[in-house]
Every structure is written in C-alpha cells, then in structure tokens.
Amino acid sequence: MELTINGKETEIVFGIAFNRELDMKYKVEGFGLKFGAGLDTVIPELLSDNVGTLADVIYNGTAHIKKGRPSGMQVDKFVEEHEDIEELFDLVKTELEKANATKKKVALWKKDLNLEKE
C-alpha cells in the first residue's frame, strides 16, 4: 500500500519489520518473561476505529524504510488532514487482512469480537 505522507509516496508494509517494531513497543511482562503483544494490542483498537492507533499502525508500517522514513509527527499530520478518514481506516484494515504476517491474527480478533462477515 502506498500513501503520500509529507509530500512523498511512502510504501506501507505490514510484514515482519512491522510486527517486530510493534512487539518492541507493546510488551507483556511477568514471571521474568517478556512477550511481544503488538498485534494483540493494536488490532482491537484499530477495529474500534481508534484514530491514534490508525496513525501508529501506519507509522509502524514504515519500519522497513531505512532512509527517509517519515516521522511519527508527519504520520499524525497525514492522518489528521486526510480528507476521508473512514476510507483510510478501511484501507488499512483491508491491507492488514491481506498481509501474510498479519492476516491470521486479524481473523482471530474479528472472530473473537464477532466482526466476521457473513
């Protein structure tokens, strides 16, 4: 998926780098163990149309970019100024449902939240 962020076409990829970055930010700790809980944190928030999570998901979807990655503030501005926020939510959710690294987890959350299409 490509989005124009800060005047530049930016590829958003929901792959391994995306998952790793989310897991580093969202962790569950206990009994001396740490578990990444990135997708389990952001998917239900995104499915409930949390705009902050939308910006976070888009930003983390740029984790693969080594040079010229947009800043979090640039992504926030992009989301805030987007002309059709509902369309942006739908686009991101659809891409997460299709991406190899995220589709299984999205399907599980949609089932758990009774959001499956019939």
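Look above for the structure.
These remarks concern the structure in this document. (Residues numbered from 1 in each chain as written. Predicted model: local features only at pLDDT ≥ 70, side-chain atom pairs only at ≥ 80, totals over all residues. Heavy atoms only, no water.)

### Let's talk about the pattern of salt bridges
Phase 1 of the analysis: On inspection of all chains with the given rule, the structure shows 6 salt bridges.
Phase 2 of the analysis: With its nearest N and O atoms 3.1 Å apart, the salt bridge here joins lysine 25 to aspartate 56. Separated by 31 residues along the polypeptide, lysine 25 in helix α1 (residues 16–25) and aspartate 56 in helix α3 (residues 51–60) bring together distant segments of the chain. (Salt bridge = Lys/Arg side-chain N within 4 Å of Asp/Glu carboxyl O. Helix = DSSP H or I, 4+ residues; strand = E, 2+ residues; numbered from the N terminus.)

### Describing the packing of α1 against helix α2 (residues 38–47)
Phase 1 of the analysis: At a closest axis distance of 7 Å, the pairing of α1 and α2 adopts a crossing angle of 95 degrees. Of the possible angle classes, the one that applies to α1 and α2 is roughly perpendicular. From α1, Phe18, Asn19, Leu22 and Asp23 reach across to α2, where they touch Gly38, Leu39 and Val42.
Phase 2 of the analysis: Looking at side-chain class alone, the contact of α1 with α2 contains 4 nonpolar, 2 polar and 1 charged residues. (Axes fitted to C-alpha atoms, helices over the stretch in contact; angles between N-to-C directions. Parallel < 35°, antiparallel > 145°, perpendicular 65-115°, else oblique. Contact = heavy atoms within 4.5 Å. Nonpolar A, V, L, I, M, F, W, Y, C, P; charged D, E, K, R; others polar.)

### Overview of unusual backbone geometry
Phase 1 of the analysis: The phi dihedral of asparagine 6 falls on the positive side, at around 55 degrees, and the residue is not glycine.
Phase 2 of the analysis: The class of asparagine 6 is exposed, set by a relative accessible area of 57%.
Phase 3 of the analysis: A positive phi angle, near 55 degrees, is found at phenylalanine 31, a position not held by glycine.
Phase 4 of the analysis: Within the secondary structure layout, phenylalanine 31 lies in the loop between β3 (27–30) and β4 (33–36). (Buried < 20%, exposed > 50% of the residue type's maximum accessible area, 1.4 Å probe, protein only.)

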